[in-house]
Amino acid sequence: MRSPGRMASHYAPRPRAILADRRELPRAITAAEGPVALIALAGPALPAAHRVIQKPADANGYASSLYRALRDADAAHAILIVIEKPPSGGPDAESWRAIHDRLSRATAPRG
């Protein structure tokens, strides 16, 4: 049965989106040839041409604001969305796995 939530591209924003470890963020941002929207737990200061969307560090808060963050990043007219990889373990490991699944869909290459 086909369901939009099961499709690989269901969570994909219009601009290309990539996942990056915290230490990879500066390189990913500076490599872009235009404005970037950064979705991060605690984003670095960026030039005015870029947009930082800060996410809560707890899994429930992150999950409940994920789609809003992707829509805000879309609305920022960025050529690239860089998403800091959130945690994956701890007491909320199952919730973080679900978030990682949604992020993998948002960053999946489109064909």
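Heads up: the structure comes first, above all this text.
Model, not experiment: these values are computed from the prediction. (Residues numbered from 1 in each chain as written. Predicted model: local features only at pLDDT ≥ 70, side-chain atom pairs only at ≥ 80, totals over all residues. Heavy atoms only, no water.)

Draft legend 1. Up close: the pairing of strand 4 (residues 80-84). Strand 4 sits mainly inside the fold: five of its five residues count as buried. Taken together, the five bridges between strand 1 (residues 16-20) and strand 4 define a ladder with parallel strand orientation. If you follow Leu19 over to strand 4, its bridge partner there is Ile83. Two strands pair when backbone bridges link them, and strand 2 (residues 36-40) and strand 4 are joined in this way by four bridges, in the parallel orientation. Paired with Ile39 across the two strands is Ile83, which belongs to strand 4. (Buried < 20%, exposed > 50% of the residue type's maximum accessible area, 1.4 Å probe, protein only. Helix = DSSP H or I, 4+ residues; strand = E, 2+ residues; numbered from the N terminus. Pairing = 2+ DSSP bridges.)

Draft legend 2. Focus on the nonpolar core. Residues Ile39, Tyr62, Ile81 and Ile83 are the most contacted members of the largest nonpolar core, which totals 17 residues. Only strand 2, helix 2 (59-75), strand 4 and helix 3 (93-106) provide two or more residues apiece to this core. Counting residues per element, this core draws most heavily on helix 2, which supplies six residues. Those residues in contact with Tyr62 that sit more than four places away from it in its chain are Ile39, Leu41, Lys55, Pro56, Ile83, Glu84, Pro86, Trp96, Ile99 and Leu103. Residues Ala28, Ala32, Leu38 and Val82 belong to the second largest nonpolar core, which totals 10 residues. (Core = buried A, V, L, I, M, F, W, Y, C linked by side-chain atoms within 4.5 Å. Contact = heavy atoms within 4.5 Å.)

Draft legend 3. Layout of helix 3. Spanning 14 residues, helix 3 covers 20 Å between terminal C-alpha atoms, matching the ideal 20 Å at 1.5 Å per step. Among the residues of helix 3, those classed as buried are Ala93, Trp96, Ile99, Leu103, Arg105 and Ala106. In the core, the buried residues of helix 3 are packed alongside strand 1, helix 2 and strand 4. (Expected span 1.5 Å × (residues − 1).)

Draft legend 4. Expanded view of the pattern of salt bridges. Scanning all chains against the criterion turns up six salt bridges. Measuring nitrogen to oxygen at the nearest pair gives 3.9 Å for the salt bridge that ties Arg14 to Asp74. Of this pair, Arg14 sits in the segment before strand 1 while Asp74 is found in helix 2, placing the two residues 60 residues apart along the sequence. Between Asp72 and Arg68 there is a salt bridge; the shortest N-O distance is 3.4 Å. Of this pair, Asp72 and Arg68 both sit in helix 2, four residues apart, roughly one helical turn. Salt bridges sharing common partners tie together Asp21, Arg23 and Lys85. (Salt bridge = Lys/Arg side-chain N within 4 Å of Asp/Glu carboxyl O.)

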